[in-house]
Amino acid sequence: MRFSFCSAALCLALAQVASAQVALAQQAADALAPEVATSGGDIQTLSAAARDALAARDAGRPVAAENWMVAAANPLAVEAGADVLRKGGTAADAMIAVQTVLGLVEPQSSGLGGGAFLVYYDARTGQLTTLDGRETAPLAATPRLFQDDAGEPLGFFDAVVGGRSVGTPGTPALLEMAHRKWGRANWGGLFNAAIALAETGFAVSPRMADSIANDADRLGRFPDTAAYFLPEGTPLKAGQVISNQPYADVLRAIAADGAAAFYTGPIAADIVRTVQGAAGNPGVLSAVDLALYQVKERPAVCASYRAFEACGMGPPSSGALTVGQILGMLGQYDLAELGADNPDSWRLIGDASRLAFADRGRYMADSDFVPMPTKGLVDGDYLADRARLLAGETALEVVEPGTPTFDHALNWADDESLEFPSTSHISIVDQYGNVLSMTTTIENGFGARLMTNGFLLNNELTDFSFRSHSDGVPIANRLEPGKRPRSSMAPTIVMRDDKPVLAIGSPGGSRIIGYVATAIVAWADWGMNVQEAISLPHAINRFGTYDLEAGTEAEALAEALTGMGFEVNPRDLNSGLHAIEIGDRLHGGADPRREGIALGE
Ligand code: GLY
């Protein structure tokens with residue numbers, strides 16, 4: 001997998017040319033075009049360090065550094081973050097540069113119109129905390145938002161495409177709160193890299209181009225979206241240089257006036273107009289929803305795994321709880337002794353995952369709205385009990401939710417929400433020892449397909465259950481006004497002796513949970529370095545088939561797993577893991593299934 005970009009240095013230099021910026025960048029792209037066409041990219045256009053990082057990734061070697069490191073899904077975004085870290089910025093500062101560039105060069109996955117969860121280790125205080133920048137349901141939304149007149153669930157894309165699925169975005173407010181809490185750099189300067197690229201132009205990556213080509217019909221439904229991604233009706237191509245002046249203007253406004261410039265005033269009015277005016281499928285998001293939006297700081301949810309604590313984002317995400325349940329059950333078995341090639345390891349992982357997903361479907365939702373057994377779900381005794389179910393030699397015939405200790409006696413029906421993979425993950429360690437793990441999303445690829453001011457709006461509300469009840473029993477993750485949809489995002493910081501040792505996370509819808517859990521197992525039990533753990537072929541079981549990564553050695557497990565009673569399904573498994581191991585030195589890895597790198601000094 002290779003790709004083509006101008007280096008951050010080149011792009012910034014081009015940004016200083018006030019006139020003919022796009023023309024200059026187009027000349028650069030024209031020069032690259034043959035290689036883009038023949039090889040899928042030209043690594044000569046990356047900085048030397050980024051080229052080395054790319055080569056390391058593809059060879060399965062981690063990148064090493066002494067002081068700081070950043071790993072994310074696009075080299076331009078990584079270089080923007082590296083620039084901040086090199087100049088003494090914190091992990092929170094660097095994240096703002098990374099996120100704002102990702103919103104430009106990987107717009108299908110995350111951006112200002114979406115939401116994010118951030119896990120942060122503050123080296124000064126030794127505290128671990130999380131920020132919940134999840135999108136919220138508008139106050140005018142009802143539990144029947146995704147049901148037809150007969151109360152039956154809408155088709156997934158009938159719900160997604162248009163204004164109906166748009167929740168109040170959380171990412172701009174999260175950037176601001178992270179900077180207020182942990183930033184050292186000047187706020188306004190953190191937007192410069194993204195502004196320069198947006199004005200100068202950047203080369204469309206192969207992955208972005210593929211995503212556009214595969215979604216052209218939906219992107220073509222709304223004029224502003226079509227004009228950007230399908231100029232003159234033709235999908236953007238890899239290597240084509242495009243600019244995004246409206247996005248630069250929004251970033252300048254936020255740089256000058258903070259997140260309030262997004263949540264109130266003309267940008268907010270444009271968001272509301274776009275959502276409520278979406279042809280064929282309008283939504284109910286209002287100016288009041290935007291003005292009321294709040295990031296919530298929440299305690300990290302941690303689960304023990306051997307000598308480690310895997311810590312991450314609690315409700316409304318199911319990420320840390322479900323990853324923690326899987327690891328907590330597996331901790332009862334000696335996976336190191338069994339080894340990575342042993343089908344029995346994968347039986348244990350698969351069935352631990354099925355049991356955890358049964359609990360997830362029954363109990364996990366926004367705990368500000370529904371009582372949840374948050375502590376009970378990762379309680380050591382409860383997980384040891386659940387792990388005893390795995391003591392056989394074949395796949396579990398019956399997989400049902402357990403009965404974790406509740407703070408309140410309650411009964412929920414199982415969830416029926418669908419999640420499709422999009423999203424992006426950022427891991428950062430700065431020179432002060434702060435560690436950041438953030439997963440960021442607009443939900444489906446290109447979100448609701450609605451664009452305003454150069455950014456896409458999320459479809460996060462479709463992470464709620466489309467049904468509100470099952471046989472008269474309420475579903476915990478049903479839609480309610482002001483509630484946050486359950487997520488699978490699992491930004492994780494693994495601790496040992498109260499110190500961070502690994503930052504990791506991935507996109508991938510509800511498969512995120514399996515990607516993160518198995519990468520931690522590979523790293524902790526099977527002695528793999530971070531890059532090997534990320535590159536390990538995937539075998540993922542949520543609550544149905546055992547999905548084996550097509551075209552990889554994972555397919556060799558098919559016969560044994562089938563013999564144990566699993567139904568296997570070879571398919572693409574498109575994770576986007578980005579991880580940094582923190583030891584005497586830093587070691588980082590990026591997922592070869594996407595376009596990112598880890599970079600450090
Ligand atoms: N929309 C993806 C997630 O939150 O899990």
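Residues numbered from 1 in each chain as written. Predicted model: local features only at pLDDT ≥ 70, side-chain atom pairs only at ≥ 80, totals over all residues. Heavy atoms only, no water.

Looking at an unreviewed UniProt entry, one finds the chain named Glutathione hydrolase proenzyme, with Tritonibacter horizontis as its source organism. As stated in UniProt under Subunit (unreviewed entry), the record for the chain gives "This enzyme consists of two polypeptide chains, which are synthesized in precursor form from a single polypeptide." Listed under Sequence similarities (unreviewed entry) in UniProt, the entry text for the chain is "Belongs to the gamma-glutamyltransferase family." (UniProt positions renumbered as here; feature names shortened; annotations may be inferred.)

Enquirer: Looking at this model, I keep getting lost on the overall build of the chain. Mind explaining?
Expert: Helix and strand counts for the chain stand at 23 helices and 23 strands. Relative to the compact-globule value of 25 Å for 601 residues, the chain shows a C-alpha radius of gyration of 23 Å, a close match. Element-wise, carbon and sulfur atoms account for 49% of the exposed surface of the chain, whose accessible area totals about 20600 Å². Counting 43 positive and 71 negative side-chain charges, the chain places the averaged centre of each group 3 Å from the other. (Helix = DSSP H or I, 4+ residues; strand = E, 2+ residues; numbered from the N terminus. Rg over C-alpha atoms; globule rule 2.2 N^0.38 Å. Areas by Shrake-Rupley, 256 points an atom, 1.4 Å probe, with all protein chains shown as cover. Lys, Arg positive; Asp, Glu negative; His and termini not counted. Charge placed at Lys NZ, Arg CZ, Asp CG, Glu CD.)

Enquirer: Can you help me understand the packing of aromatic side chains in this one?
Expert: For any pair of aromatic rings, the description consists of the separation of the ring centres together with the inter-plane angle of the planes. Tallying each qualifying case throughout the model produces twelve aromatic pairs. With a centroid separation of 4.8 Å and an interplanar angle of 25°, the aromatic rings of Phe146 and Phe466 are classed as stacked. Here Phe466 lies in the loop between β13 (455-456) and β14 (469-470) and Phe146 lies in the loop between β4 (127-133) and α6 (156-160), a separation of 320 residues in the sequence. We classify Phe146 as buried; its relative accessible area is 2%. For Phe466, a relative accessible area of 6% gives the class buried. On the basis of an interplanar angle of 75° and a centroid distance of 5.2 Å, the ring pair of Phe229 and Phe446 is categorised as edge-to-face. Of the two residues, Phe229 sits in helix α11 (residues 223-229) while Phe446 sits in the loop between β11 (435-441) and β12 (451-452), which places them 217 residues apart along the sequence. Phe446 carries the same exposure label as Phe229, and that label is buried. The structure contains a cluster of three or more aromatic residues connected by ring pairs, namely Phe262, Tyr263, Tyr293 and Phe455. Directly above the ring of Phe157 sits Arg218, whose terminal nitrogen or CZ lies 3.6 Å from the centroid. (Phe/Tyr/Trp six-rings, centres within 6.5 Å; stacked < 30°, edge-to-face > 60°. Buried < 20%, exposed > 50% of the residue type's maximum accessible area, 1.4 Å probe, protein only. Lys NZ or Arg CZ within 6 Å of the ring centre and 35° of its normal.)

Enquirer: Help me out: how do you make sense of the UniProt feature "active site" (unreviewed entry) in the chain in this one?
Expert: Cross-referencing UniProt, the feature "active site" (unreviewed entry) maps to Thr423 in the present numbering. Along the polypeptide, Thr423 turns up in the loop between α20 (380-388) and β10 (424-429). If we skip the residues at most four places from it in the chain, Thr423 touches Ser109, Thr439, Thr440, Thr441, Glu443, Met489, Pro507 and Arg594. Among the polar contacts made by the side chain of Thr423, one reaches the side chain of Thr441 at a distance of 2.8 Å. (Contact = heavy atoms within 4.5 Å. Polar contact = N/O pair within 3.5 Å; in protein donor to acceptor, adjacent residues only side chain to side chain.)

Enquirer: Looking at this structure, how should I read the pairing of strand β2 (residues 69-72)?
Expert: Look at any regular strand and the pattern is simple: side chains alternate between the two faces of the sheet. Of the two faces of β2, the one lined by Met69 and Ala71 and the one lined by Val70 and Ala72 are each fully buried. Direction of pairing for β2 relative to β10: antiparallel, over a ladder of three bridges. Along β10, the bridge assignment pairs Met69 with Val429. When β2 meets strand β23 (residues 597-600), the two strands line up antiparallel, connected through four bridges. By the bridge assignment, Met69 is partnered in β23 with Gly600. (Pairing = 2+ DSSP bridges.)

Enquirer: Just checking my understanding: could you explain the site of the ligand for this structure?
Expert: Near the ligand lie eight residues; those nearest to it are Glu443, Glu460, Asp463, Ser487 and Ser488. Glu460 places a polar side-chain atom, nitrogen or oxygen, 2.6 Å from a nitrogen atom of the ligand. Taking Ser488, its main chain carries an N or O atom lying 2.8 Å from an oxygen atom of the ligand. About the coverage of the ligand: the protein hides 100% of its 200 Å² of free accessible area. Each residue belonging to the shell around the ligand can be placed in one class, and the counts come to one nonpolar, two polar and five charged. (Near = heavy atom within 4 Å. Nonpolar A, V, L, I, M, F, W, Y, C, P; charged D, E, K, R; others polar.)

Enquirer: I'm lost on the packing of helix α8 (residues 192-200) against helix α12 (residues 245-257) in this one. Help?
Expert: For any two helices packed against each other, the geometry is given by the interaxial angle and the distance between the axes. One can describe the packing of α8 onto α12 by two numbers: an axis separation of 8 Å at closest approach and a directional angle of 155°. Taken together, the axes of α8 and α12 lie roughly antiparallel to each other. The two elements α8 and α12 meet at a crossing, and its hand is left-handed. Contacts between α8 and α12 involve Ala194, Ile195, Ala198 and Glu199 on the former and, on the latter, Gln245, Tyr247, Ala248, Leu251 and Arg252. Taken together, the residues of the contact of α8 with α12 sort by class into six nonpolar, one polar and two charged. (Axes fitted to C-alpha atoms, helices over the stretch in contact; angles between N-to-C directions. Parallel < 35°, antiparallel > 145°, perpendicular 65-115°, else oblique. Left-handed = near helix turned anticlockwise from the far one by under 90°.)

Enquirer: Teacher, can you tell me more about the sheet that holds strand β18 (residues 539-541) here?
Expert: Here we have three strands laid out as an open sheet, ordered β18-β19-β20, and mixed in their pairing. The open sheet is flanked by β18 and β20 (568-571), the only strands paired with a single partner. Adjacent strand axes in the sheet meet at a mean angle of 25°, parallel and antiparallel pairs treated alike. One ladder, built from four bridges, connects strand β19 (residues 546-549) with β20; its direction is parallel. Among the inter-strand pairings, Leu548 is bridged to a residue of β20, identified as Pro570. Strand contacts of helix α18 (residues 343-363): β18 and β19, with the helix running at about 30° to β18, the strand carrying the most contacts.

Enquirer: Any chance you could explain the pattern of salt bridges here in plain terms?
Expert: Any two side chains of opposite charge can pair, given that their charged atoms come close. Counted according to the given criterion, the structure contains 28 salt bridges. One salt bridge connects Glu460 with Arg134, and the closest N-O pair in it is separated by 3.1 Å. With Glu460 in the loop between β13 and β14 and Arg134 in the loop between β4 and α6, the pair connects residues that are 326 residues apart, well separated along the chain. You'll find Glu460 and Arg134 in the same group, each marked buried. With a closest N to O distance of 2.9 Å, Glu297 and Lys181 form a salt bridge. Of the two residues, Glu297 is situated in strand β7 (residues 296-299) and Lys181 in helix α7 (residues 171-182); the sequence distance between them amounts to 116 residues. (Salt bridge = Lys/Arg side-chain N within 4 Å of Asp/Glu carboxyl O.)

Enquirer: Even after reading the chapter, I still don't get the state of the cysteines, so can you show me in this structure?
Expert: A covalent bond between the sulfur atoms of two cysteines is referred to as a disulfide. Under the criterion given, the structure shown has one disulfide. A sulfur-sulfur separation of 2.1 Å characterises the disulfide bridge that pairs Cys302 with Cys311. Disulfide Cys302-Cys311: the torsion about the S-S bond is 115°, which places it as right-handed. By relative accessible area, Cys311 is classed as buried at 2%. (Disulfide = S-S within 2.5 Å.)

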